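Residue strings, one per chain:
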Protein chains: 2
Amino acid sequence: MCHHCNYQELLTSVKLETTESRLRVLEVVGNNSFPLSAGDIYKTLERSVSINRVTVYRILDLLVDHGIVERLSTGGRSAYFGLAPNDYHQPHPHFYCKQCGQMDCLNPDSLTVKVESLSKTFPGRIDKVEIRVDGICKNCLKQN
Amino acid sequence: MCHHCNYQELLTSVKLETTESRLRVLEVVGNNSFPLSAGDIYKTLERSVSINRVTVYRILDLLVDHGIVERLSTGGRSAYFGLAPNDYHQPHPHFYCKQCGQMDCLNPDSLTVKVESLSKTFPGRIDKVEIRVDGICKNCLKQN
DNA sequence: AGCCAATAAGCAATATAGTTGCATTACAAT
DNA sequence: ATTGTAATGCAACTATATTGCTTATTGGCT
Ligand SMILES: [Mn+2]
Ligand SMILES: [Mn+2]
Ligand SMILES: [Zn+2]
Ligand SMILES: [Zn+2]
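Conventions we followed
- Residues numbered from 1 in each chain as written.
- Chains lettered and ligands numbered in written order.
- Predicted model: local features only at pLDDT ≥ 70, side-chain atom pairs only at ≥ 80, totals over all residues.
- Heavy atoms only, no water.
- Pairing = 2+ DSSP bridges.
- Helix = DSSP H or I, 4+ residues; strand = E, 2+ residues; numbered from the N terminus.
- Contact = heavy atoms within 4.5 Å.
- Axes fitted to C-alpha atoms, helices over the stretch in contact; angles between N-to-C directions.
- Domains from an automatic or database assignment.
- Buried area = accessible area lost by both parts, 1.4 Å probe.
- Salt bridge = Lys/Arg side-chain N within 4 Å of Asp/Glu carboxyl O.
- Polar contact = N/O pair within 3.5 Å; in protein donor to acceptor, adjacent residues only side chain to side chain.
- Nonpolar A, V, L, I, M, F, W, Y, C, P; charged D, E, K, R; others polar.
- Near = heavy atom within 4 Å.

Peer 1: Looking at this structure, how should I read the sheet that holds strand β2 (residues 69-72) of chain A?
Peer 2: In a beta sheet, neighbouring strands are held together by backbone hydrogen bonds and run either parallel or antiparallel to one another. Residues and elements named next belong to chain A. Read across the sheet, 3 strands follow the order β1-β3-β2 without closing on themselves; strand pairing throughout is antiparallel. Each having just a single partner strand, β1 (36-37) and β2 make up the two edges of the open sheet. Sheet topology note: the β2/strand β3 (residues 80-83) ladder contains 4 bridges and is antiparallel. Within β3, the position partnered with Glu70 by the bridge is Gly82. Across the sheet, helix α4 (residues 53-65) lies against β2 and β3, angled at about 105° from β2, the strand it touches most.

Right under this line is the structure:
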């Protein structure tokens, strides 16, 4: 767990009741150093606690809606989940290996984006800018 | 059709035989000013020609593999397709409206990314950088 | 032209990820 | 303890994409 994050507090900070399941889901997401799919999160939880697959999906939706978890698209079919940016975690781009499906967090400064000009002129509402780098990871590269 | 693109030529330029179906799919993708889902492309084609849904998926995969069509992830469940960047079409970010699912192409300069530092140090292979802006489009905004 | 091999397209079945409706359980307030 | 509300479980379902196999089309050859 990130020493800045108390998951219990994180839940109450967005006015969500703490339940065992919510805390477990948030722990799995937060304790992991890279984003995970809903399926990964479910499989991880299943090993230690009893929880339903649908509950995992619902809790993830809930945490995303409340802004403490971020849903990331991939080059593949499923979304991945990580802790949302906050005071202690800057927004940052991710790398997605299209071979093994592993997603990695990149340094916030490794790719920077200038969003001001767009924000000024864009006629709609902008909620988020997602930057994803696609390719083949180091491990998969050396296997070939 | 973009006056720079001859779709027939585009196919032969990547050593793909021209078939009626490939040409039709590429036309729909290329003639559209914003990216479309496989389903949208299929529905469009269906109106005028007889083609199978699976064929559309296969052709899209093929065109993506050959680098003339680009697959874009969305905040939603399906991928969208547009012409891949080439000499006449710079890479550019996209806007995705999470309400209506419309995707729009943004100006190549509206968001710029510095990828050099990452390319130098990143241990894997980088194929693509995808930038997606999520939010609510102008039309959906005024409906509420 | 006719034949053959290779490739493309069609069709049905299947896979995968996520969602919905409704029943059951837990839990907080009274 | 009772009750109302919200969370979770379970089964069925939806949307999107993929697979295996059959049929049709194409291009090269004679
Ligand atoms: Mn991250
Ligand atoms: Mn575009
Ligand atoms: Zn990999
Ligand atoms: Zn919209």
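Peer 1: Whenever I open this one, the sheet that holds strand β2 (residues 69-72) of chain B confuses me. Can you help?
Peer 2: All names here are of chain B. If you trace the 3 strands from one edge of the open sheet to the other, you get β1-β3-β2, paired in antiparallel fashion. Only two strands of the sheet have a single neighbouring strand rather than two, namely β1 (36-37) and β2. Where helix α4 (residues 53-65) meets the sheet, it contacts β2 and β3 (80-83), and its direction lies at approximately 105° from that of β2.

Peer 1: Looking at this structure, how should I read the domain arrangement of chain A?
Peer 2: Where interface size is quoted, it is often the accessible area lost as the parts come together. All names here are of chain A. The domain architecture assigned to chain A consists of domain 1 (1-85) and domain 2 (90-144). The centre of domain 1, based on its C-alpha atoms, is set 20 Å off from the matching centre of domain 2. At the junction of the two partners, domain 1 supplies 12 residues and domain 2 supplies 13 residues. For the domain 1 and domain 2 pair, buried surface summed over both sides reaches about 1,000 Å², with 57% attributable to carbon and sulfur atoms. At the junction of domain 1 with domain 2, the criterion picks out 1 salt bridge. Across the salt bridge formed by Lys128 and Glu70, the nearest N and O atoms sit 4.0 Å from each other. Where domain 1 meets domain 2, there are 4 residue pairs in polar contact (both at pLDDT 80 or more). It is β2 that contributes the most residues to the side of domain 1 that touches domain 2, 3 residues altogether. For the side of domain 1 that touches domain 2, a count of residues per class yields 5 nonpolar, 5 polar and 2 charged.

Peer 1: Sorry, what's going on with the protein's contact with DNA strand D here?
Peer 2: The local shell around DNA strand D holds 21 residues, among which Thr19, Arg22, Thr55 and Arg58 of chain A together with Arg58 of chain B are the closest. Near the protein, meaning within 4 Å, the atoms of DNA strand D are sugar or phosphate in a fraction of 57%, with bases accounting for the rest. Ser21 of chain A is positioned such that a nitrogen or oxygen atom in its side chain is 3.4 Å from a phosphate oxygen of DNA strand D. Between DNA strand D and Arg58 of chain A there is a distance of 2.6 Å, counted from a base oxygen to a side-chain nitrogen or oxygen. Of all the secondary-structure elements, those providing two or more residues to the surface near DNA strand D are α2 (20-31) and α4 of chain A together with α4 of chain B. Looking at the surface near DNA strand D, the element that brings in the most residues is α4 of chain B, giving 5 residues. When its residues are assigned to classes, the surface near DNA strand D shows 7 nonpolar, 6 polar and 8 charged.

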